[in-house]
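Here's the letter readout for the chains.
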Amino acid sequence: MHTSKLSEIVLMMSNNNEILSPVLPGQKRLPSPYLIFLLVHFIFYYIAVLYLAFGGTDLNFCYTNNYLTIASIFLFAYLLPGLLFFRKKLLIRLPTILAADDKIYAKLYKFAIFFVLCSAAYVIYYAFFSGRNKLFLLGSDLDANTFRFLGYDDDSRIFQIPLELARRVLLPLSLIYAAVAYYYGRARRDKILFVLVLPTLLLASVLTLDRGPVLLALVTLMFCLYIYTPTNSRFFTVYLPVLIVLLPLVGAVVTMLQHNLTEFDFGVIKEQSYAVALNRIWLDPLNMSCRDCFNAFDGWNGCLLLRYSRLTSFITGEYVGTYNDNSMYITPVGIVGDVWRNFGYIGIAILPILLASILLRVGTLMQKKHPVVNYIVAFLTLVFSFYVNYGNIFTYGAMILLFFIVALVSRKLWAPLLQ
(Lines give C-alpha, C1' and ligand atoms only; values in the text may rest on other atoms or scores of the structure.)
Protein backbone atom coordinates (compact mmCIF):
# COMPACT_ATOMS: atom_id res chain seq x y z
CA MET A 1 0.00 0.00 0.00
CA HIS A 2 1.28 3.47 -0.82
CA THR A 3 2.79 5.29 2.14
CA SER A 4 0.55 8.34 1.82
CA LYS A 5 -2.54 6.14 1.67
CA LEU A 6 -1.43 4.15 4.69
CA SER A 7 -0.87 7.32 6.69
CA GLU A 8 -4.49 8.30 6.11
CA ILE A 9 -5.70 5.05 7.64
CA VAL A 10 -3.21 4.66 10.46
CA LEU A 11 -1.83 7.63 12.41
CA MET A 12 0.60 7.26 15.23
CA MET A 13 -0.36 8.20 18.75
CA SER A 14 0.38 11.70 19.93
CA ASN A 15 2.44 12.62 22.97
CA ASN A 16 -0.62 12.42 25.21
CA ASN A 17 -1.33 8.93 23.90
CA GLU A 18 -4.57 9.77 22.09
CA ILE A 19 -5.51 8.34 18.71
CA LEU A 20 -5.98 11.05 16.10
CA SER A 21 -6.84 8.90 13.10
CA PRO A 22 -10.24 9.18 11.40
CA VAL A 23 -12.71 6.33 11.73
CA LEU A 24 -13.78 4.31 8.73
CA PRO A 25 -17.15 2.74 7.85
CA GLY A 26 -17.58 -0.82 9.07
CA GLN A 27 -15.16 -0.50 11.94
CA LYS A 28 -15.98 -2.29 15.18
CA ARG A 29 -17.76 -0.26 17.83
CA LEU A 30 -17.30 -0.74 21.55
CA PRO A 31 -20.26 -0.07 23.91
CA SER A 32 -19.59 2.97 26.07
CA PRO A 33 -19.38 2.63 29.88
CA TYR A 34 -22.73 4.41 30.22
CA LEU A 35 -24.41 1.91 27.91
CA ILE A 36 -22.71 -1.11 29.53
CA PHE A 37 -23.98 -0.22 32.99
CA LEU A 38 -27.45 0.60 31.65
CA LEU A 39 -27.78 -2.79 29.92
CA VAL A 40 -26.53 -4.77 32.92
CA HIS A 41 -28.77 -2.90 35.36
CA PHE A 42 -31.85 -3.07 33.12
CA ILE A 43 -31.51 -6.78 32.28
CA PHE A 44 -30.37 -8.10 35.64
CA TYR A 45 -32.38 -5.86 37.95
CA TYR A 46 -35.14 -3.76 36.46
CA ILE A 47 -36.67 -6.53 34.33
CA ALA A 48 -36.69 -8.70 37.48
CA VAL A 49 -38.59 -5.90 39.23
CA LEU A 50 -41.18 -5.85 36.45
CA TYR A 51 -41.33 -9.63 36.51
CA LEU A 52 -42.24 -9.55 40.21
CA ALA A 53 -44.54 -6.53 39.95
CA PHE A 54 -46.69 -8.09 37.22
CA GLY A 55 -47.02 -11.48 38.94
CA GLY A 56 -44.37 -13.42 37.05
CA THR A 57 -43.41 -15.31 40.21
CA ASP A 58 -45.19 -16.51 43.32
CA LEU A 59 -42.21 -15.53 45.49
CA ASN A 60 -43.37 -12.77 47.79
CA PHE A 61 -40.13 -11.38 49.18
CA CYS A 62 -41.20 -7.73 48.93
CA TYR A 63 -43.70 -7.01 51.68
CA THR A 64 -43.96 -3.35 50.68
CA ASN A 65 -45.21 -2.04 47.37
CA ASN A 66 -42.57 0.66 46.92
CA TYR A 67 -39.94 -1.51 45.22
CA LEU A 68 -41.23 -0.71 41.71
CA THR A 69 -41.30 3.03 42.47
CA ILE A 70 -37.78 2.95 43.93
CA ALA A 71 -36.36 0.98 41.00
CA SER A 72 -38.11 3.26 38.48
CA ILE A 73 -36.78 6.42 40.12
CA PHE A 74 -33.26 5.00 40.07
CA LEU A 75 -33.51 3.99 36.40
CA PHE A 76 -35.02 7.32 35.29
CA ALA A 77 -32.40 9.27 37.25
CA TYR A 78 -29.68 7.28 35.49
CA LEU A 79 -31.28 7.87 32.09
CA LEU A 80 -31.68 11.60 32.69
CA PRO A 81 -28.09 12.70 31.89
CA GLY A 82 -28.14 10.50 28.80
CA LEU A 83 -31.38 12.11 27.63
CA LEU A 84 -30.09 15.62 28.30
CA PHE A 85 -26.81 14.92 26.53
CA PHE A 86 -28.21 12.60 23.89
CA ARG A 87 -25.56 13.69 21.42
CA LYS A 88 -22.95 11.83 23.43
CA LYS A 89 -21.91 8.75 21.52
CA LEU A 90 -22.92 5.49 23.17
CA LEU A 91 -20.78 3.42 20.82
CA ILE A 92 -17.03 3.98 20.49
CA ARG A 93 -15.37 3.20 17.18
CA LEU A 94 -12.18 1.16 17.20
CA PRO A 95 -9.62 1.14 14.38
CA THR A 96 -9.25 -2.17 12.57
CA ILE A 97 -5.67 -1.31 11.57
CA LEU A 98 -3.31 0.33 14.02
CA ALA A 99 0.45 0.67 14.09
CA ALA A 100 1.70 -0.60 17.44
CA ASP A 101 3.16 2.11 19.59
CA ASP A 102 6.27 0.65 21.20
CA LYS A 103 6.20 3.10 24.07
CA ILE A 104 2.73 2.35 25.40
CA TYR A 105 3.10 -1.40 24.86
CA ALA A 106 6.47 -1.51 26.61
CA LYS A 107 5.20 0.43 29.62
CA LEU A 108 1.93 -1.45 29.95
CA TYR A 109 3.70 -4.77 29.52
CA LYS A 110 5.97 -3.97 32.49
CA PHE A 111 2.94 -3.20 34.64
CA ALA A 112 1.15 -6.34 33.46
CA ILE A 113 4.06 -8.71 34.02
CA PHE A 114 4.66 -7.23 37.49
CA PHE A 115 1.00 -7.71 38.45
CA VAL A 116 0.96 -11.25 37.05
CA LEU A 117 4.11 -12.35 38.85
CA CYS A 118 2.93 -10.90 42.18
CA SER A 119 -0.52 -12.44 41.74
CA ALA A 120 0.87 -15.83 40.71
CA ALA A 121 3.21 -15.88 43.71
CA TYR A 122 0.37 -15.19 46.15
CA VAL A 123 -2.04 -17.61 44.44
CA ILE A 124 0.53 -20.39 44.76
CA TYR A 125 1.19 -19.40 48.38
CA TYR A 126 -2.54 -19.37 49.20
CA ALA A 127 -3.11 -22.65 47.36
CA PHE A 128 -0.36 -24.39 49.29
CA PHE A 129 -1.13 -23.08 52.78
CA SER A 130 -4.91 -22.67 52.69
CA GLY A 131 -6.78 -23.39 49.48
CA ARG A 132 -5.65 -26.99 49.07
CA ASN A 133 -6.98 -27.85 52.53
CA LYS A 134 -10.54 -27.08 51.47
CA LEU A 135 -10.17 -28.75 48.10
CA PHE A 136 -8.82 -31.91 49.73
CA LEU A 137 -11.88 -32.01 52.01
CA LEU A 138 -14.20 -32.03 49.01
CA GLY A 139 -16.27 -35.21 49.18
CA SER A 140 -15.59 -35.71 52.90
CA ASP A 141 -18.19 -36.21 55.64
CA LEU A 142 -18.38 -32.50 56.46
CA ASP A 143 -21.91 -31.14 56.31
CA ALA A 144 -22.72 -28.68 53.53
CA ASN A 145 -22.92 -25.55 55.69
CA THR A 146 -19.64 -26.19 57.52
CA PHE A 147 -17.82 -26.93 54.28
CA ARG A 148 -19.32 -23.88 52.57
CA PHE A 149 -17.87 -21.42 55.09
CA LEU A 150 -14.46 -23.00 55.58
CA GLY A 151 -11.86 -20.22 55.47
CA TYR A 152 -14.41 -17.42 55.76
CA ASP A 153 -14.12 -16.53 59.42
CA ASP A 154 -13.23 -12.92 60.14
CA ASP A 155 -9.74 -13.91 61.31
CA SER A 156 -8.93 -15.20 57.82
CA ARG A 157 -10.12 -12.13 55.92
CA ILE A 158 -6.63 -10.60 55.85
CA PHE A 159 -5.47 -13.57 53.77
CA GLN A 160 -8.48 -13.24 51.48
CA ILE A 161 -7.84 -9.63 50.47
CA PRO A 162 -4.73 -10.24 48.28
CA LEU A 163 -6.39 -13.29 46.73
CA GLU A 164 -9.53 -11.32 45.86
CA LEU A 165 -7.42 -8.49 44.46
CA ALA A 166 -5.50 -10.96 42.30
CA ARG A 167 -8.38 -13.01 40.93
CA ARG A 168 -10.99 -10.25 40.64
CA VAL A 169 -8.83 -7.39 39.36
CA LEU A 170 -5.15 -7.93 38.52
CA LEU A 171 -5.30 -11.26 36.69
CA PRO A 172 -8.44 -10.50 34.63
CA LEU A 173 -7.03 -7.10 33.64
CA SER A 174 -3.68 -8.62 32.70
CA LEU A 175 -5.43 -11.24 30.58
CA ILE A 176 -7.47 -8.58 28.79
CA TYR A 177 -4.35 -6.48 28.23
CA ALA A 178 -2.45 -9.46 26.79
CA ALA A 179 -5.33 -10.29 24.44
CA VAL A 180 -5.72 -6.73 23.15
CA ALA A 181 -1.98 -6.08 22.89
CA TYR A 182 -1.41 -9.29 20.94
CA TYR A 183 -4.40 -8.57 18.69
CA TYR A 184 -3.00 -5.17 17.68
CA GLY A 185 0.74 -5.67 18.10
CA ARG A 186 1.25 -9.42 17.47
CA ALA A 187 4.24 -9.38 19.81
CA ARG A 188 5.33 -12.81 20.97
CA ARG A 189 5.80 -11.59 24.53
CA ASP A 190 2.09 -10.71 24.79
CA LYS A 191 1.15 -14.19 23.60
CA ILE A 192 3.42 -15.70 26.27
CA LEU A 193 1.89 -13.37 28.86
CA PHE A 194 -1.60 -14.58 27.92
CA VAL A 195 -0.52 -18.21 28.28
CA LEU A 196 1.02 -17.41 31.68
CA VAL A 197 -2.02 -15.57 33.03
CA LEU A 198 -4.69 -18.03 31.92
CA PRO A 199 -3.83 -21.02 34.16
CA THR A 200 -3.07 -18.69 37.07
CA LEU A 201 -6.51 -17.10 36.78
CA LEU A 202 -8.24 -20.46 36.51
CA LEU A 203 -6.40 -21.79 39.58
CA ALA A 204 -7.17 -18.68 41.61
CA SER A 205 -10.85 -18.81 40.66
CA VAL A 206 -11.43 -22.35 41.99
CA LEU A 207 -9.40 -22.20 45.22
CA THR A 208 -12.33 -21.31 47.48
CA LEU A 209 -15.10 -22.87 45.35
CA ASP A 210 -16.97 -19.56 45.15
CA ARG A 211 -19.25 -18.91 42.19
CA GLY A 212 -18.22 -15.28 41.70
CA PRO A 213 -14.54 -15.76 40.79
CA VAL A 214 -15.31 -18.76 38.58
CA LEU A 215 -18.02 -16.91 36.67
CA LEU A 216 -15.77 -13.85 36.41
CA ALA A 217 -13.02 -16.01 34.88
CA LEU A 218 -15.55 -17.34 32.36
CA VAL A 219 -16.73 -13.82 31.50
CA THR A 220 -13.09 -12.73 31.13
CA LEU A 221 -12.42 -15.51 28.63
CA MET A 222 -15.56 -14.59 26.72
CA PHE A 223 -14.46 -10.94 26.67
CA CYS A 224 -11.14 -12.04 25.17
CA LEU A 225 -13.14 -13.82 22.47
CA TYR A 226 -15.09 -10.59 21.94
CA ILE A 227 -11.80 -8.76 21.33
CA TYR A 228 -10.96 -11.15 18.49
CA THR A 229 -14.45 -11.13 16.99
CA PRO A 230 -14.40 -8.66 14.07
CA THR A 231 -18.03 -7.50 14.42
CA ASN A 232 -20.47 -7.00 17.27
CA SER A 233 -23.25 -8.75 15.37
CA ARG A 234 -21.28 -12.01 15.15
CA PHE A 235 -20.40 -11.96 18.84
CA PHE A 236 -23.92 -11.16 20.06
CA THR A 237 -25.61 -13.69 17.78
CA VAL A 238 -23.11 -16.56 17.96
CA TYR A 239 -20.92 -16.39 21.07
CA LEU A 240 -23.06 -14.53 23.62
CA PRO A 241 -25.84 -17.17 23.57
CA VAL A 242 -23.20 -19.77 24.39
CA LEU A 243 -22.10 -17.69 27.38
CA ILE A 244 -25.70 -17.31 28.54
CA VAL A 245 -26.04 -21.11 28.57
CA LEU A 246 -22.63 -21.74 30.15
CA LEU A 247 -22.99 -19.30 33.04
CA PRO A 248 -25.85 -21.07 34.85
CA LEU A 249 -24.42 -24.52 34.05
CA VAL A 250 -21.03 -23.65 35.51
CA GLY A 251 -22.73 -21.82 38.38
CA ALA A 252 -24.79 -24.93 39.13
CA VAL A 253 -21.74 -27.21 39.24
CA VAL A 254 -19.81 -24.81 41.49
CA THR A 255 -22.85 -24.39 43.77
CA MET A 256 -23.02 -28.15 44.33
CA LEU A 257 -19.28 -28.41 44.88
CA GLN A 258 -19.22 -25.56 47.39
CA HIS A 259 -21.84 -27.46 49.41
CA ASN A 260 -19.68 -30.60 49.32
CA LEU A 261 -21.88 -32.41 46.81
CA THR A 262 -19.76 -34.45 44.41
CA GLU A 263 -22.22 -37.01 43.09
CA PHE A 264 -24.61 -35.62 40.48
CA ASP A 265 -25.72 -36.31 36.93
CA PHE A 266 -26.71 -34.11 34.02
CA GLY A 267 -30.34 -34.05 35.12
CA VAL A 268 -29.37 -32.63 38.49
CA ILE A 269 -27.06 -30.10 36.82
CA LYS A 270 -29.83 -29.05 34.44
CA GLU A 271 -32.31 -28.59 37.28
CA GLN A 272 -29.79 -26.74 39.42
CA SER A 273 -28.69 -24.51 36.53
CA TYR A 274 -32.30 -23.36 36.03
CA ALA A 275 -32.51 -22.54 39.73
CA VAL A 276 -29.19 -20.69 39.59
CA ALA A 277 -30.25 -18.72 36.49
CA LEU A 278 -33.64 -17.73 37.90
CA ASN A 279 -33.00 -17.32 41.60
CA ARG A 280 -29.29 -16.56 41.99
CA ILE A 281 -28.41 -14.71 38.80
CA TRP A 282 -31.67 -12.93 38.05
CA LEU A 283 -33.94 -12.60 41.10
CA ASP A 284 -31.36 -12.62 43.91
CA PRO A 285 -30.40 -8.91 43.77
CA LEU A 286 -34.07 -7.93 44.04
CA ASN A 287 -34.68 -10.53 46.74
CA MET A 288 -31.80 -9.22 48.87
CA SER A 289 -32.73 -5.56 48.38
CA CYS A 290 -36.33 -6.30 49.39
CA ARG A 291 -35.43 -8.39 52.42
CA ASP A 292 -32.77 -6.14 53.94
CA CYS A 293 -33.67 -2.70 52.54
CA PHE A 294 -37.13 -2.02 51.15
CA ASN A 295 -38.84 -3.97 53.93
CA ALA A 296 -36.70 -2.35 56.62
CA PHE A 297 -36.32 1.34 55.62
CA ASP A 298 -39.00 3.83 54.58
CA GLY A 299 -36.64 6.11 52.64
CA TRP A 300 -37.04 9.15 54.89
CA ASN A 301 -36.32 8.16 58.48
CA GLY A 302 -33.53 6.07 59.93
CA CYS A 303 -31.24 6.03 56.88
CA LEU A 304 -27.83 4.61 57.73
CA LEU A 305 -25.81 7.43 56.15
CA LEU A 306 -22.87 5.02 55.61
CA ARG A 307 -22.74 4.27 59.33
CA TYR A 308 -21.90 0.58 58.85
CA SER A 309 -20.56 0.60 55.30
CA ARG A 310 -17.18 -0.90 54.51
CA LEU A 311 -16.28 2.34 52.72
CA THR A 312 -16.22 4.37 55.94
CA SER A 313 -14.86 1.69 58.25
CA PHE A 314 -11.32 3.10 58.03
CA ILE A 315 -12.66 6.44 59.35
CA THR A 316 -15.02 5.16 62.03
CA GLY A 317 -12.80 2.24 63.00
CA GLU A 318 -15.87 0.02 63.11
CA TYR A 319 -15.54 -2.96 60.80
CA VAL A 320 -18.76 -4.97 60.64
CA GLY A 321 -17.82 -8.62 60.20
CA THR A 322 -19.85 -11.48 58.80
CA TYR A 323 -21.03 -12.67 62.21
CA ASN A 324 -21.47 -9.21 63.76
CA ASP A 325 -24.84 -8.17 65.19
CA ASN A 326 -25.01 -5.42 62.55
CA SER A 327 -24.02 -7.66 59.64
CA MET A 328 -27.49 -7.24 58.07
CA TYR A 329 -26.51 -3.65 57.26
CA ILE A 330 -23.58 -4.71 55.07
CA THR A 331 -25.16 -7.69 53.31
CA PRO A 332 -24.88 -7.52 49.50
CA VAL A 333 -28.16 -5.97 48.35
CA GLY A 334 -27.24 -4.41 45.00
CA ILE A 335 -26.67 -0.79 44.18
CA VAL A 336 -30.34 0.22 44.48
CA GLY A 337 -30.73 -1.39 47.90
CA ASP A 338 -27.42 -0.05 49.17
CA VAL A 339 -28.28 3.51 48.16
CA TRP A 340 -31.79 3.14 49.61
CA ARG A 341 -30.72 1.97 53.07
CA ASN A 342 -28.03 4.65 53.33
CA PHE A 343 -29.68 7.72 51.75
CA GLY A 344 -33.32 6.87 50.99
CA TYR A 345 -35.26 8.72 48.31
CA ILE A 346 -32.70 11.53 48.12
CA GLY A 347 -29.89 9.11 47.29
CA ILE A 348 -32.05 7.15 44.83
CA ALA A 349 -32.66 10.38 42.91
CA ILE A 350 -29.15 11.87 43.05
CA LEU A 351 -26.56 9.09 42.98
CA PRO A 352 -27.65 7.59 39.61
CA ILE A 353 -27.31 11.04 38.04
CA LEU A 354 -23.77 11.36 39.38
CA LEU A 355 -22.84 7.85 38.22
CA ALA A 356 -24.32 8.39 34.76
CA SER A 357 -22.51 11.73 34.39
CA ILE A 358 -19.20 10.11 35.31
CA LEU A 359 -19.65 7.24 32.86
CA LEU A 360 -20.78 9.59 30.09
CA ARG A 361 -17.65 11.67 30.61
CA VAL A 362 -15.47 8.55 30.53
CA GLY A 363 -17.11 7.52 27.26
CA THR A 364 -16.39 10.92 25.75
CA LEU A 365 -12.72 10.68 26.69
CA MET A 366 -12.53 7.16 25.25
CA GLN A 367 -13.34 8.43 21.75
CA LYS A 368 -9.68 9.28 21.14
CA LYS A 369 -7.93 6.75 23.35
CA HIS A 370 -5.84 3.78 22.38
CA PRO A 371 -7.80 0.51 21.87
CA VAL A 372 -5.82 -1.17 24.66
CA VAL A 373 -7.08 1.44 27.11
CA ASN A 374 -10.62 1.37 25.71
CA TYR A 375 -11.00 -2.39 25.97
CA ILE A 376 -9.68 -2.40 29.54
CA VAL A 377 -12.06 0.42 30.50
CA ALA A 378 -14.98 -1.43 28.91
CA PHE A 379 -14.09 -4.62 30.77
CA LEU A 380 -13.68 -2.78 34.07
CA THR A 381 -17.07 -1.17 33.56
CA LEU A 382 -18.61 -4.57 32.91
CA VAL A 383 -17.05 -5.92 36.12
CA PHE A 384 -18.13 -2.82 38.04
CA SER A 385 -21.70 -3.12 36.75
CA PHE A 386 -22.06 -6.72 37.87
CA TYR A 387 -20.17 -6.02 41.10
CA VAL A 388 -22.59 -3.32 42.26
CA ASN A 389 -25.64 -5.15 40.89
CA TYR A 390 -24.90 -8.20 43.07
CA GLY A 391 -22.94 -6.50 45.84
CA ASN A 392 -22.86 -2.99 47.25
CA ILE A 393 -21.78 0.37 45.85
CA PHE A 394 -20.35 1.77 49.11
CA THR A 395 -17.42 -0.64 49.35
CA TYR A 396 -13.70 -0.47 48.69
CA GLY A 397 -14.01 -2.78 45.71
CA ALA A 398 -16.65 -0.71 43.94
CA MET A 399 -14.83 2.57 44.54
CA ILE A 400 -11.49 1.15 43.40
CA LEU A 401 -13.07 -0.13 40.19
CA LEU A 402 -14.72 3.23 39.54
CA PHE A 403 -11.44 5.02 40.26
CA PHE A 404 -9.56 2.90 37.71
CA ILE A 405 -12.30 3.43 35.12
CA VAL A 406 -11.87 7.18 35.44
CA ALA A 407 -8.09 7.11 35.88
CA LEU A 408 -7.45 5.05 32.74
CA VAL A 409 -8.85 7.79 30.51
CA SER A 410 -7.18 10.56 32.47
CA ARG A 411 -4.42 12.33 30.57
CA LYS A 412 -2.86 13.48 33.84
CA LEU A 413 -2.36 9.87 34.92
CA TRP A 414 -0.96 8.48 31.68
CA ALA A 415 1.27 11.36 30.66
CA PRO A 416 3.89 10.84 33.43
CA LEU A 417 3.61 7.03 33.38
CA LEU A 418 4.33 6.73 29.68
CA GLN A 419 7.17 9.22 29.43
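Residues numbered from 1 in each chain as written. Predicted model: local features only at pLDDT ≥ 70, side-chain atom pairs only at ≥ 80, totals over all residues. Heavy atoms only, no water.

Caption draft 1: Looking closely at the overall build of the chain. Scanning the chain for helices and strands turns up 15 helices and two strands. Going through the 419 residues of the chain one by one, you find that 47% of them count as buried. Within the chain, contacts between residues at least 6 apart in sequence are counted, and of these 79% link residues at least 24 apart. Summing over all exposed atoms, the chain offers an accessible surface of approximately 20600 Å²; the carbon and sulfur share of this is 67%. (Helix = DSSP H or I, 4+ residues; strand = E, 2+ residues; numbered from the N terminus. Buried < 20%, exposed > 50% of the residue type's maximum accessible area, 1.4 Å probe, protein only. Contact = heavy atoms within 4.5 Å. Areas by Shrake-Rupley, 256 points an atom, 1.4 Å probe, with all protein chains shown as cover.)

Caption draft 2: View of the packing of helix α2 (residues 33–53) against helix α10 (residues 266–294). It is the contact of α2 with α10, at a shortest axis distance of 8 Å, that shows an interaxial angle of 75°. What the angle tells us is that α2 and α10 run roughly perpendicular. Judged by residue contacts, Ile43, Phe44, Tyr45, Ile47, Ala48, Val49, Tyr51 and Leu52 of α2 engage Ile281, Trp282, Leu283, Pro285, Leu286, Ser289 and Phe294 from α10. Tallied by class, residues from the contact of α2 with α10 come to 14 nonpolar, one polar and no charged. (Axes fitted to C-alpha atoms, helices over the stretch in contact; angles between N-to-C directions. Parallel < 35°, antiparallel > 145°, perpendicular 65-115°, else oblique. Nonpolar A, V, L, I, M, F, W, Y, C, P; charged D, E, K, R; others polar.)

Caption draft 3: Expanded view of the nonpolar core. One finds Phe37, Tyr177, Phe223, Phe294, Ile335, Tyr375 and Phe384 to be the most contacted residues of the largest nonpolar core, which totals 100 residues. It is helix α6 (residues 157–185) that contributes the most residues to this core, 14 residues altogether. In this view, phenylalanine 223 contacts Ile176, Tyr375, Ala378, Phe379 and Leu382; residues no more than four positions away in its chain are not counted. (Core = buried A, V, L, I, M, F, W, Y, C linked by side-chain atoms within 4.5 Å.)

Caption draft 4: Layout of the packing of aromatic side chains. Taken as a whole and judged by the stated rule, the model has 25 aromatic pairs. Lying over the aromatic face of tyrosine 109, arginine 189 brings its terminal NZ or CZ to 4.8 Å of the ring centre. (Phe/Tyr/Trp six-rings, centres within 6.5 Å; stacked < 30°, edge-to-face > 60°. Lys NZ or Arg CZ within 6 Å of the ring centre and 35° of its normal.)

Caption draft 5: A look at helix α3 (residues 67–84). Relative to the 26 Å expected for 18 residues at 1.5 Å per residue, α3 spans 26 Å between its end C-alpha atoms, a close match to the ideal helical length. Those residues of α3 that sit buried are Tyr67, Ile70, Ala71, Phe74, Leu75, Ala77, Tyr78, Pro81 and Gly82. The secondary structure elements touched by the buried residues of α3 are α2, α10 and α12 (334–366). (Expected span 1.5 Å × (residues − 1).)

Caption draft 6: The arrangement of a nonpolar patch on the surface in detail. Where nonpolar side chains cluster on the molecular surface, the patch consists of Tyr125, Phe128, Phe129, Ile158, Phe159 and Ile161 and spans about 640 Å² of accessible area. The topology assignment puts isoleucine 158 in helix α6. Given the relative accessible area of 53%, isoleucine 158 is considered exposed. (Patch = residues over 30% accessible without salt bridge, like charges linked within 9 Å, V, L, I, M, F, W, Y side chains within 5 Å. Salt bridge = Lys/Arg side-chain N within 4 Å of Asp/Glu carboxyl O.)

Caption draft 7: Here's a closer look at the environment of isoleucine 393. Among the secondary structure elements, isoleucine 393 is positioned in the loop between α13 (371–390) and α14 (396–408). Distance in space between the C-alpha atoms of isoleucine 393 and serine 309 is 9.5 Å, their sequence separation being 84 residues. For isoleucine 393, the residues in contact, after removing those within four places along its chain, are Ile335, Asp338, Val339, Phe384, Val388, Ala398 and Met399.

Caption draft 8: The pattern of salt bridges, seen in detail. Counted by the stated rule, this structure contains five salt bridges. When the shortest N-O distance is used, the salt bridge between glutamate 164 and arginine 168 registers 2.3 Å. Highlighted residues: glutamate 164 and arginine 168, both in helix α6, separated by four residues, approximately one helical turn. A residue is classified by how much of its surface remains accessible, and arginine 168, at 30% relative accessible area, is partly exposed. When salt bridges with common partners are traced through the structure, they connect Glu164, Arg167, Arg168 and Asp210 into a single cluster.

Caption draft 9: Examining the packing of helix α8 (residues 211–228) against helix α9 (residues 232–258) more closely. Interhelical geometry of α8 versus α9 gives an angle of 160° and a closest axis separation of 10 Å. The angle between the axes of α8 and α9 places the two elements in the roughly antiparallel class. Like other packed secondary-structure pairs, α8 and α9 cross with a definite hand, here right-handed. Residue-level inspection shows Arg211, Val214, Leu215, Leu218, Val219, Met222, Leu225 and Tyr226 of α8 in contact with α9, the latter providing Asn232, Phe235, Tyr239, Leu243, Leu246, Leu247, Val250, Gly251, Val254, Thr255 and Gln258. Its residues assigned to classes, the contact of α8 with α9 comprises 14 nonpolar, four polar and one charged. (Left-handed = near helix turned anticlockwise from the far one by under 90°.)

Caption draft 10: Representation of the confidence of the model for the chain within the structure. Here the chain averages 79 in pLDDT, while 79% of its residues score no lower than 70. Note that pLDDT drops below 50 for residues 1–26; the model gives that stretch 38 contacts with residues more than four away or on any other chain. (pLDDT = per-residue confidence, 0-100.)

Caption draft 11: Up close: the side chain of threonine 229. Within the secondary structure layout, threonine 229 lies in the loop between α8 and α9. Within the structure, threonine 229 has its side chain in polar contact with the backbone oxygen of leucine 225 (distance 2.7 Å). Leave out the neighbours within four places in its chain, and threonine 229 touches Lys28, Arg234, Phe235 and Tyr239. (Polar contact = N/O pair within 3.5 Å; in protein donor to acceptor, adjacent residues only side chain to side chain.)

Caption draft 12: Structural view of unusual backbone geometry. Positive phi, close to 55°, is recorded for leucine 305, a residue that is not glycine. The topology assignment puts leucine 305 in the loop between α10 and α11 (313–316). Of note, the phi angle at leucine 306 is positive, near 65°, even though the residue is not glycine.

Caption draft 13: View of the environment of alanine 407. Its location among the elements puts alanine 407 in helix α14. Through-space distance from the C-alpha of alanine 407 to that of valine 377 is 9.5 Å; in sequence the pair is 30 residues apart.

Caption draft 14: Structural view of the environment of glycine 299. Within the element layout of this structure, glycine 299 appears in the loop between α10 and α11. Looking at glycine 299, the relative accessible area reads 4%, which means it is buried. For glycine 299 and glycine 344, which are 45 residues apart along the polypeptide, the C-alpha to C-alpha distance reads 3.8 Å. Setting aside residues no more than four positions away along its own chain, glycine 299 makes contact with Trp340, Gly344 and Tyr345.

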